[in-house]
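# Analysis of the macromolecular model
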Amino acid sequence: GNSVTQMEGPVTLSEEAFLTINCTYTATGYPSLFWYVQYPGEGLQLLLKATKADDKGSNKGFEATYRKETTSFHLEKGSVQVSDSAVYFCALRGSTGNQFYFGTGTSLTVIP
Amino acid sequence: EAGVAQSPRYKIIEKRQSVAFWCNPISGHATLYWYQQILGQGPKLLIQFQNNGVVDDSQLPKDRFSAERLKGVDSTLKIQPAKLEDSAVYLCASSLVSSAYNEQFFGPGTRLTVL
């Protein structure tokens, strides 16, 4: 079946530090992969996506590369800001049907 | 473009009471999803509609939860009777079926507390 595993938090970083949030998946076929972000008090927002192997999704300085050989989609940012403090969810959409599968979320706090 | 609307934003009820949530998706979005997000967990799909038909309700506790999407636009999710473990945020999302990326757009959610 389809599932997503992401690193547990919470993660606390100083401003301008390098961020990595690990995400691995299990899926049949060729899923699409997503990172969603949930800022305090708000709903989930799509951060970036990749629909096939070796695709790199990027947005707001965040990047993630779809690695089929390691079944991973790790989120990275070279220099985090206080405003990046949020909960980050890795998700996949199966190759058949529209159902999304979400990880448990990783809370990030960036301190000045 | 208006986003996904949900109401109410917050609801507090006692166990065994009934509650209903409303969702208005983005105009033109054929697919509508209801998720349950328990504190500290990722969203879990409860039910998915394509227009006014149910595509997937395999994780919907049908003995107490029901949902409908009359006319393929607005949707309501009902819990009757509520249990303590139903305390969660209920998220509605919608997407364009024709979108190659099938991006989901989420509403702000309804936070339910069952006492």
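Above this text sits the structure in question.
About the cut-offs
Residues numbered from 1 in each chain as written. Chains lettered and ligands numbered in written order. Predicted model: local features only at pLDDT ≥ 70, side-chain atom pairs only at ≥ 80, totals over all residues. Heavy atoms only, no water. Contact = heavy atoms within 4.5 Å. Salt bridge = Lys/Arg side-chain N within 4 Å of Asp/Glu carboxyl O. Polar contact = N/O pair within 3.5 Å; in protein donor to acceptor, adjacent residues only side chain to side chain. Helix = DSSP H or I, 4+ residues; strand = E, 2+ residues; numbered from the N terminus. Nonpolar A, V, L, I, M, F, W, Y, C, P; charged D, E, K, R; others polar. Disulfide = S-S within 2.5 Å. Buried < 20%, exposed > 50% of the residue type's maximum accessible area, 1.4 Å probe, protein only. Pairing = 2+ DSSP bridges. Axes fitted to C-alpha atoms, helices over the stretch in contact; angles between N-to-C directions. 1 Å grid on protein atoms, 1.4 Å probe; cavity = no way out; pocket = protein on both sides within 12 Å on 5 of 7 lines; lining within 4 Å. Points joined across faces, edges and corners; volume = space filled by probe spheres on them. Phe/Tyr/Trp six-rings, centres within 6.5 Å; stacked < 30°, edge-to-face > 60°.

What follows deals with the interface of chain A and chain B. Each partner contributes to the interface: chain A provides 17 residues, whereas chain B provides 23 residues. Viewed at the interface, chain B and chain A are joined by zero salt bridges. Joining chain A to chain B, the criterion identifies two residue pairs in polar contact (both at pLDDT 80 or more). Those elements that provide at least two residues to the side of chain A that touches chain B are β5 (32-38), β6 (44-50), β10 (86-93) and β11 (100-102) of chain A. Taken together, the residues of the side of chain A that touches chain B sort by class into seven nonpolar, eight polar and two charged.

Residue and element names in this part refer to chain B. By the definition in use, this model includes two disulfides over all chains. Put simply, Cys23 and Cys92 are joined by a disulfide, and their sulfur atoms are 1.9 Å apart. The chirality of the disulfide connecting Cys23 with Cys92 is left-handed, given an S-S dihedral of about -70°. One end of the pair, Cys23, is in strand β3 (residues 19-24); the other, Cys92, is in strand β9 (residues 88-95), with 69 residues separating them in the sequence. Comparing Cys23 with Cys92 shows no difference in burial state: the two are buried.

Pairing between the strands of a sheet comes from backbone hydrogen bonds, and it takes one of two forms, parallel or antiparallel. All names here are of chain A. The antiparallel open sheet is built from four strands, whose spatial order is β3-β9-β8-β7. On the outer flanks of this sheet lie β3 (19-21) and β7 (56-59), each paired with one strand and no other. Neighbour to neighbour, the strand axes of the sheet diverge by 15° on average, direction disregarded. Here strand β8 (residues 62-65) pairs with strand β9 (residues 75-77) via three bridges, running antiparallel. Residue Ala64 lies in a different strand from β9, and its bridge partner there is Leu75.

Our next topic: the layout of surface pockets. Approximately 580 Å³ is the volume attributed to the largest pocket. Taken together, 30 residues form the lining of the largest pocket, with Gln38(A), Gln37(B), Leu39(B), Val89(B) and Arg111(B) sitting closest to its centre. Looking at the lining of the largest pocket residue by residue, the classes come out as 13 nonpolar, 14 polar and three charged. Counted as a void, the second largest pocket has a volume near 160 Å³. Taken together, 13 residues form the lining of the second largest pocket, with Phe102(A), Gly42(B), Pro43(B), Lys44(B) and Leu45(B) sitting closest to its centre. Taken together, the elements giving at least two residues each to the lining of the second largest pocket come down to β11 of chain A together with β5 (44-50) of chain B. Top contributing element to the lining of the second largest pocket by residue count: β11(A), with three residues. Here the lining of the second largest pocket is built from residues that sort into six nonpolar, six polar and one charged.

Across all of its chains, the model carries 14 aromatic pairs over all chains by this definition. Here the aromatic rings of Phe100(A) and Tyr33(B) are separated by 6.4 Å at their centres, their planes lie at 85°, and the arrangement is edge-to-face. Linking Phe100(A) in strand β11 with Tyr33(B) in strand β4 (residues 31-37), this pair reaches from one chain into another. Accessibility classification places Phe100(A) together with Tyr33(B) in one group, the buried group. Ring geometry for Tyr35(B) versus Phe106(B): centroids 5.6 Å apart, planes at 40°, classification tilted. Taken as a pair, Tyr35(B) in strand β4 and Phe106(B) in strand β10 (residues 105-106) lie far apart in primary sequence, 71 residues in all. Classification of Phe106(B) by relative accessible area gives buried; the value is 10%. Three or more aromatic residues joined by ring pairs form one cluster here, namely Phe34(A), Tyr36(A), Phe100(A), Phe102(A), Tyr33(B), Tyr35(B) and Phe106(B).

From the geometry alone we can't say anything about function, so treat these as descriptive.
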